[in-house]
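# Breakdown of the fold
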Amino acid sequence: MSARAETMNVRRRTLRLRGSLVIGIVLTGLFLVVSAAPGWIAPYDPLAFDMSAILHRPSLAHPFGTDNFGRDILSRVIWAANIDLAIAIFTTIFPVVFGTIVGAFVGYYGGWLDMLFGRVVDLVVTFPFLVIVITIVSVLGPGLLNMCIAVSVVGWVFYARLMRAEVLTQKQADYAAAGHVLGYGELRIIFRHLLPNCIGSIIVYWMTDMALGILLGSSLGYLGLGAQPPTAEWGVLVADGKNFLNTGWWISFFPGIAIVLTGLGFSLLGDGVADRLRRGR
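Let me begin by describing the structure that accompanies this report. (Residues numbered from 1 in each chain as written. Predicted model: local features only at pLDDT ≥ 70, side-chain atom pairs only at ≥ 80, totals over all residues. Heavy atoms only, no water.)

### Regarding the packing of aromatic side chains
For clarity, the threshold we go by: Pairs were defined over the aromatic rings of Phe, Tyr and Trp, the Trp ring being its six-membered one, requiring ring centres within 6.5 Å. Orientation was assigned from the angle between planes: stacked under 30 degrees, edge-to-face over 60, tilted for the rest. For helices the rule is a DSSP run of H or I covering at least 4 residues; for strands it is a run of E covering at least 2, with both sets numbered from the N terminus onward. Exposed residues in this analysis have more than 50% of their type's maximum accessible area, buried residues have under 20%, and partly exposed residues fall in between, with area computed by a 1.4 Å probe over protein chains only. Here, a charge over a ring means that NZ of Lys or CZ of Arg falls within 6 Å of the ring centre while also lying within 35 degrees of the ring normal.
As enumerated under the stated definition, the model contains 16 aromatic pairs in all. Taken together, a centroid distance of 5.2 Å and an interplanar angle of 10° make the contact between F94 and F98 stacked. With F94 and F98 both in helix 4 (residues 93-109) and 4 residues apart, the pair spans about one turn of that helix. Considering the side-chain rings of W249 and F254, the 6.2 Å spacing of their centres and the 40° angle between planes classify their relative orientation as tilted. Residue classification places W249 among the partly exposed residues on the basis of a relative accessible area of 35%. One aromatic cluster is present, built from ring pairs that chain together F64, W249, W250, F253 and F254. The residue whose ring lies beneath R188 is Y184, and the NZ or CZ to ring-centre distance is 3.9 Å. Sitting over the ring of Y222, K242 keeps its end group 5.5 Å from the ring centre.

Here it is in structure tokens:
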């Protein structure tokens, strides 16, 4: 009876994880489709003023309503997906590449390199990540480029720390020792043998980090440090509606829903891929 109950529990967990993966794929796929072709999907120009349609409630003509300048919120949310996809990519692409390479070398060679890296990690984790990013953006000035630079300056450390831990484990494996016996060079062992066996964790973390990148970009946009008006970006759209919560709640509500669903999609996708990788080992 207990064995049967255990089997049923395993099946339920498997179905739940598969369902999460499917939901993650659907939400992430929808976000990618919308962000890839906003001009084909959006019904209106996201920057066009319409003084005859100021603060109109959601309707058939404007499913998400209009803002205080008569701009269609649905169109602005759709075009903002393109900006937020760029934020998710460009705030993570340098950290994932640079951090992976640095972590691989630190984990493989150790010694003084590991000691130096440990001091860098201590410096970064001493302060909250968002505080460091806001400080750097404040110095460089607001804007998407400076925001990406600020995130990249700090973000690579977390990828490097994860890769270091993976390499420390994998370099003890038999295949790494066999590479040494066969006379393979150190770079070949790192890039041809260790990295392919460690990259799964990096990919999973990258998916989650893209969701965090969107949330961070929206937060900085809301604070006026990221994308600047009249650019259609979800954080900027939420900030546009903060003064109209009583008369135009939809201005902030629908961009907020887009942020939540996109973040949820990337998180569920990352969890599903992580489960697949665990079961494949």
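### Topic: a nonpolar patch on the surface
We apply this condition: Exposure above 30% relative accessible area and no salt bridge define the residues that can form patches, which grow by joining like charges within 9 Å and nonpolar side chains of Val, Leu, Ile, Met, Phe, Trp and Tyr within 5 Å. Per-residue and other accessible areas follow the Shrake-Rupley method at a 1.4 Å probe size, with only the shown protein chains counted as cover for residues. By salt bridge we mean one thing: a side-chain nitrogen of Lys or Arg within 4 Å of a carboxyl oxygen of Asp or Glu.
Nonpolar side chains collect at one region of the surface, where I89, F90, I93, F94, V97, F98, I101, Y109, L187 and F191 lie side by side and expose about 870 Å² of accessible area between them. Every element with two or more residues in the nonpolar patch is listed here: helix 3 (73-90), helix 4 and helix 9 (186-223). Looking at the nonpolar patch element by element, the count peaks at 6 residues for helix 4.

### Structural notes on the environment of A104
Just so we agree on the cut-off: Should any heavy atoms of two residues lie within 4.5 Å, those residues are considered in contact.
You can see A104 is positioned in helix 4. Beyond its immediate sequence surroundings of up to four residues, A104 is in contact with M163, V167, I190 and L195.

### A short note on the layout of surface pockets
Any space left empty among the atoms is revealed by the rolling of a water-sized probe across them. To keep it simple, the criterion reads: With a 1 Å grid spanning the protein atoms alone, the term cavity applies to any set of points in which a 1.4 Å probe fits but cannot get out, the term pocket to an open set with protein on both sides within 12 Å along at least five of seven lines, and the term lining residue to any residue with an atom within 4 Å of a point. Grid points are joined across faces, edges and corners, and a volume is the space filled by probe spheres set on the points. By the convention adopted, Pro, Cys, Tyr, Trp, Phe, Met, Ile, Leu, Val and Ala count as nonpolar, Lys, Arg, Asp and Glu as charged, and the other residues, Gly among them, as polar.
Quantified by volume, the largest pocket comes out at close to 340 Å³. Looking at the lining of the largest pocket, the elements with two or more residues in it are helix 1 (2-36), helix 3 and helix 11 (250-280). Looking at side-chain class alone, the lining of the largest pocket contains 14 nonpolar, 1 polar and no charged residues. By volume, the second largest pocket amounts to about 200 Å³. F129, V151, Y205, D209 and L212 are the residues nearest the centre of the second largest pocket, which is lined by 13 residues in total. Where the lining of the second largest pocket is concerned, the elements lending two or more residues are helix 7 (144-170) and helix 9.

### Regarding unusual backbone geometry
Following P229, the chain continues into P230 via a peptide bond in cis, with omega recorded as 5°. Mapped onto the fold, P230 is located in the loop between helix 9 and helix 10 (234-240). Phi angles above zero are rare outside glycine, and L55 is one such case at about 55°. As for its position among the elements, L55 is in the loop between helix 2 (38-41) and helix 3.

### Comments concerning the nonpolar core
To be explicit about the condition: What is meant by a nonpolar core is a set of buried Ala, Val, Leu, Ile, Met, Phe, Trp, Tyr and Cys residues, joined one to another through side-chain atoms within 4.5 Å.
If you look at the biggest cluster of nonpolar residues, it comprises 23 residues, and the most contacted ones within it are F31, I73, V77, I214, W234 and F266. Elements represented by at least two residues in this core include exactly helix 1, helix 3, helix 9, helix 10 and helix 11. Per element, the largest residue contribution to this core is 8 residues, and it comes from helix 3. Excluding residues that lie within four positions of it along the chain, I73 makes contacts with F64, G65, T66, D67, W250, I251 and F254. By size, the runner-up hydrophobic cluster in this structure holds 13 residues, among which are Y159, I189, I190 and L194.

These figures capture arrangement, not role.
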